[in-house]
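What follows is the residue order along each chain.
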Amino acid sequence: GAGVSQTPSNKVTEKGKYVELRCDPISGHTALYWYRQSLGQGPEFLIYFQGTGAADDSGLPNDRFFAVRPEGSVSTLKIQRTERGDSAVYLCASRPLAGQADSYEQYFGPGTRLTVT
Amino acid sequence: AQTVTQSQPEMSVQEAETVTLSCTYDTSENNYYLFWYKQPPSRQMILVIRQEAYKQQNATENRFSVNFQKAAKSFSLKISDSQLGDTAMYFCAFMKLGGDKIIFGKGTRLHILP
């Protein structure tokens, strides 16, 4: 079946602008994650959704970052007043309901590369 | 807090050779998962192998195997008969059992040379 998809693949924006990054998880996956991967680093956790609600948003760096998942499927990561330091690859992952086979595994999308100029 | 350390930023080996990537971690948890992920230039994170901490037997997936030393908090990945397609970034990662977020190391860039 289809994997996790993310759009756009690449996004270039000017400092101070607002951006939205979209994630379509695998159908039926209840958990959804956002990670940020800066150049030369491993991914860092941002936020985790179980269904429609954010179960853990402890990784969001500041209040310019916000994410939603209104219907428990697609999620949007929103960044206000972008800064050059926000430039990174933003990865999304989804996971099946706990108790299902391989429910520990997070399936990653290809990421969105955000460049803030 | 959990941390994952990969001390080899970059490695190169000849095709068909065996290579070992090192990883150490720190946690006060007793039950957890450890993973090795592969990230080729396409950016897609691909799960290579996983190990449950409560299992003493080292995990194996075809040419990939791990050496899990729980007391030493060490989790190395061995790639046998390396292939050109193994060229990628490799990330060691930790997740609490029943937990959610994955903690990644900084990665090792592996080059397989023809």
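This section reports on the structure supplied with the text. Remember, it's a predicted structure, so these values are computed and weren't measured experimentally.

Let us look at the interface of chain A and chain B. Counting from both sides, the interface comprises 25 residues of chain A and, opposite them, 18 residues of chain B. Regarding the contact of chain A and chain B, the summed buried area is about 1700 Å², with carbon and sulfur atoms giving 52% of it. When residues of chain A are sorted by the area they lose upon contact with chain B, P43, Y104 and F108 of chain A head the list and together hold 35% of the total. If you look at where chain A meets chain B, you find seven residue pairs in polar contact (both at pLDDT 80 or more). Per-class residue counts for the side of chain A that touches chain B are 10 nonpolar, 11 polar and four charged.

Right, let's get into the environment of M95 of chain B. All names here are of chain B. Locating M95 in the fold gives a position in strand β10 (residues 88-96). The exposure class assigned to M95 is buried, which follows from its relative accessible area of 2%. In the structure, M95 is positioned 13 residues away from S82 in sequence and 27 Å away in space, judged by C-alpha atoms.

Residue and element names in this part refer to chain A. Judged by how many residues are buried, strand β5 (residues 44-50) sits mostly within the fold: five of seven residues are covered. By the bridge criterion, six bridges tie strand β4 (residues 31-37) to β5 in an arrangement that is antiparallel. In the sheet register, A31 faces β5, and the bridge partner there is Q50. Connecting the antiparallel pair β4 and β5 is a turn made up of six residues, with G40 showing a positive phi of about 75°. Relative to strand β6 (residues 53-56), β5 runs antiparallel, the two being bridged by three bridges. Bridged to Q50 within β6 is G53. Hairpin connection between β5 and β6: a loop of two residues separates the two successive antiparallel strands, and G51 in this loop has a positive phi of roughly 70°.

Thresholds, definitions, all that
- Residues numbered from 1 in each chain as written.
- Chains lettered and ligands numbered in written order.
- Predicted model: local features only at pLDDT ≥ 70, side-chain atom pairs only at ≥ 80, totals over all residues.
- Heavy atoms only, no water.
- Contact = heavy atoms within 4.5 Å.
- Buried area = accessible area lost by both parts, 1.4 Å probe.
- Polar contact = N/O pair within 3.5 Å; in protein donor to acceptor, adjacent residues only side chain to side chain.
- Nonpolar A, V, L, I, M, F, W, Y, C, P; charged D, E, K, R; others polar.
- Helix = DSSP H or I, 4+ residues; strand = E, 2+ residues; numbered from the N terminus.
- Buried < 20%, exposed > 50% of the residue type's maximum accessible area, 1.4 Å probe, protein only.
- Pairing = 2+ DSSP bridges.

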